[in-house]
Amino acid sequence: MKKKIIEKELDLIEILLIIWSGKFKIASITIIFLLISISIYFITKPEIKARTELYPINIFQENSYSAFNLLINEIKNNEQKNENINQGTYLTEYNKNNLFNLFLEEIRTKKILFEGIKRFNLIDNKFNDEDKYFDAIERESLKLKLLPPKNVDGAKSGEVRPYWTINFKVNDTEKWELVLNYINNEINKKIKNYLIFNFKSSFENLNLLKKFKIEDLENKIINTKLDYEKEVSNRLAFLNEQSLIARSLNIKMNTLEAQNYNAPSAIISNIQTKNPYYMRGYVMIEKEIELINSRTNKEAFTKNLFDLEKQKRDLIEDKSLERLKFLFSQTPIMNSENFIAANIIHKDTKYEPSYSLKMLIILTTILGIMVGTFYVLLIHNLKNKLK
């Protein structure tokens, strides 16, 4: 047992001596590896990790929409109190959250990123076929990662990411910043145009709904007046008939049919109140006919007419839409050429190489030593076998 241990120790010492004797070869191989890897590093230029933060509008920019938003809230609150047009379903408030969400949605489509890569030649066109070039741009666009905020307050250990960030690997930082600037400008322009179109479309729809509502009320008013005429005609026919019956029975004044019952203590009268209308007497009935025929202000006796006319008047005099249009014209969407839904600060982009030169040197040195050592041992063994 001791002999085996001694033999192993001798073998290990022998290996170390072999390695030591071939130290210059190992060093040479390692240097060659280093020279090759460093040359490749500087020739190929490894991809660089670019990280850019997205910023929503600040509180001062958001306040530019406050008057517009207050009117929308007032309109929505009024809808709960009456039966006016449901304008709230067509109207949208503008705040940093929904504007920022529109911005994120546009980035996720990757369409503008595609155009930016193509415009600034972020990918060299080495393809003979244009379709293949576009496919390469599309594949490159899909590499973009949009990361949400993480550990914003720093309460937990690990990465802190206070804002949404765009992560992308690039070779040319200057071109990438041009692409980012292009994306930022184009998305904000697109959102601005969308918001203007959306508001104009909603405004036209609401005006149309208002017009339809007024037309419906006018029809209801006409029908209510016609209903009144029909009701009065039916009433007069009924009264004339009842008057003739009362005259034929010679019932001049209102008469209540009563039945008397004798009781030990008093006389009890059973009065029937549900008598035929002619029992009221032709004097009263004919007076009612006379009053109906002499009415000059029929609208005062038309049921629900006042409420309908009030609703129509309220709609006609409602200036909410005109005021909303004016306030919209005062928002940054309309009165500012530099409208911002969100902002990409391309000049604040953080760059980090995919792998550092230092790490490359360390790994190459380790690999060179391993390969050199293996080479020295292999050559030594071959020499021994050839002897």
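Just so it is clear, the model here is predicted, and its values are computed rather than measured.

Q: Quick question: what am I supposed to make of unusual backbone geometry here?
A: In most cases, non-glycine residues show a negative phi, while peptide bonds are predominantly trans. With a phi angle near 70°, lysine 110 is a residue other than glycine that sits in the positive phi range. Within the secondary structure, lysine 110 sits in the loop between α5 (96-109) and α6 (111-119). By relative accessible area, which is 16% here, lysine 110 ends up buried. You will see that asparagine 250, though not glycine, has its phi angle at about 60°, which is positive.

Q: Mind showing me how you'd approach the environment of methionine 334 here?
A: Of note, methionine 334 is situated in helix α12 (residues 332-335). Of the residues examined, methionine 334 reaches a relative accessible area of 38% and is grouped as partly exposed. Put simply, methionine 334 and leucine 195 are 139 residues apart on the chain and 9.6 Å apart in space, counted from C-alpha to C-alpha. Excluding its chain neighbours within four sequence positions, the residues that come into contact with methionine 334 are Ile196, Phe328 and Ser329.

Q: Any chance you could explain the side chain of lysine 192 here in plain terms?
A: Mapping lysine 192 onto the fold places it in helix α8 (residues 173-248). The side chain of lysine 192 is buried and forms no salt bridge, while glutamate 337, the nearest opposite charge, is found at 7.4 Å. Residues contacting lysine 192, with those up to four places away along its chain left out, are Ile333, Ser336, Glu337 and Phe339.

Q: I'm lost on the packing of aromatic side chains in this one. Help?
A: Scanning the model with the defined rule gives 13 aromatic pairs in all. The rings of Tyr65, Phe68, Tyr94, Phe199, Phe203 and Phe328 are connected pair by pair, giving a single aromatic cluster. Across the ring face of tyrosine 277, the terminal group of arginine 235 is positioned such that the distance to the ring centre comes to 5.1 Å. Positioned above the aromatic ring of phenylalanine 301 is the side chain of arginine 295, whose terminal nitrogen or guanidinium carbon lies 3.9 Å from the ring centre.

Q: Got a minute to help me understand the pairing of strand β3 (residues 164-170) in this structure?
A: Remark: a regular strand shows side chains that alternate across the two faces of the sheet. Counting buried positions along β3 gives five out of seven residues, so the element sits mostly inside the fold. Note that strand β1 (residues 48-56) and β3 share seven bridges and pair antiparallel. Residue threonine 52 lies in a different strand from β3, and its bridge partner there is isoleucine 166. The pairing of strand β2 (residues 145-147) with β3 spans three bridges and is classified as antiparallel. Opposite leucine 146, over in β3, you have isoleucine 166 as the bridge partner.

Q: How should I be thinking about a nonpolar patch on the surface in this particular structure?
A: A cluster of nonpolar residues, Met359, Ile362, Leu363, Ile366 and Met370, forms a patch on the protein surface that exposes about 490 Å² of accessible area. Looking at the element boundaries, methionine 359 is found in helix α13 (residues 357-386). Accessibility expressed as a relative area gives 43% for methionine 359, which makes it partly exposed.

Q: Where do I start with the pairing of β1 in this structure?
A: The pairing of β1 with strand β7 (residues 350-353) spans four bridges and is classified as antiparallel. Residue pairing across strands places arginine 51 opposite lysine 350, the latter belonging to β7. As paired strands, β1 and strand β6 (residues 342-344) are joined by three bridges and run antiparallel to one another. Residue pairing for β6: tyrosine 55 is matched across the bridge by asparagine 343.

Q: What should I look at first to understand the confidence of the model for the protein in this one?
A: When pLDDT is low, close inspection of the predicted coordinates is not appropriate. Looking at the protein, pLDDT values average 83 and 85% of them are 70 or higher. Taking the mean pLDDT of every element in the protein, the minimum, 46, falls on strand β4 (residues 258-262) and the maximum, 95, on β6. A low-confidence stretch, residues 2-10 (pLDDT under 50), is modelled with zero contacts involving residues beyond four sequence positions or located in other chains. Note that residues 265-271 has pLDDT below 50 and, in this model, 15 contacts with residues that lie over four places away or in other chains.

Q: When you look at the nonpolar core in this model, what are you seeing that I'm missing?
A: Core analysis: the largest hydrophobic core is formed by 49 residues, its most contacted members being Leu54, Phe103, Ile166 and Trp176. Here the element with the most residues in this core is α8; it accounts for 12 residues. Ignoring any residue separated from it by four or fewer positions in sequence, one finds leucine 54 in contact with Phe100, Phe103, Leu104, Ile107, Leu146, Tyr163, Trp164, Ile166, Asn343 and Ile344. Core analysis: the next-biggest nonpolar cluster, separate from the first, contains eight residues, Tyr228, Val232, Leu236 and Ile289 among them.

Q: So what exactly am I meant to see when it comes to the packing of α5 against α8 here?
A: The relative placement of two packed helices is expressed as an angle between their axes plus a distance between the axes. Where α5 contacts α8, the axes come no closer than 10 Å and their chain directions differ by 120°. Here α8 runs oblique to α5, going by the angle between their axes. The two elements α5 and α8 cross, and the hand of that crossing is right-handed. Contacts from Leu99, Leu102, Phe103, Glu106 and Ile107 in α5 reach Asn184, Ile187, Asn188, Lys190, Ile191, Tyr194 and Leu195 in α8. Of the residues contributing to the contact of α5 with α8, the split by class is eight nonpolar, two polar and two charged.

Reading the values: rules and limits
Residues numbered from 1 in each chain as written. Predicted model: local features only at pLDDT ≥ 70, side-chain atom pairs only at ≥ 80, totals over all residues. Heavy atoms only, no water. Helix = DSSP H or I, 4+ residues; strand = E, 2+ residues; numbered from the N terminus. Buried < 20%, exposed > 50% of the residue type's maximum accessible area, 1.4 Å probe, protein only. Contact = heavy atoms within 4.5 Å. Lys, Arg positive; Asp, Glu negative; His and termini not counted. Salt bridge = Lys/Arg side-chain N within 4 Å of Asp/Glu carboxyl O. Phe/Tyr/Trp six-rings, centres within 6.5 Å; stacked < 30°, edge-to-face > 60°. Lys NZ or Arg CZ within 6 Å of the ring centre and 35° of its normal. Pairing = 2+ DSSP bridges. Patch = residues over 30% accessible without salt bridge, like charges linked within 9 Å, V, L, I, M, F, W, Y side chains within 5 Å. Areas by Shrake-Rupley, 256 points an atom, 1.4 Å probe, with all protein chains shown as cover. pLDDT = per-residue confidence, 0-100. Core = buried A, V, L, I, M, F, W, Y, C linked by side-chain atoms within 4.5 Å. Axes fitted to C-alpha atoms, helices over the stretch in contact; angles between N-to-C directions. Parallel < 35°, antiparallel > 145°, perpendicular 65-115°, else oblique. Left-handed = near helix turned anticlockwise from the far one by under 90°. Nonpolar A, V, L, I, M, F, W, Y, C, P; charged D, E, K, R; others polar.

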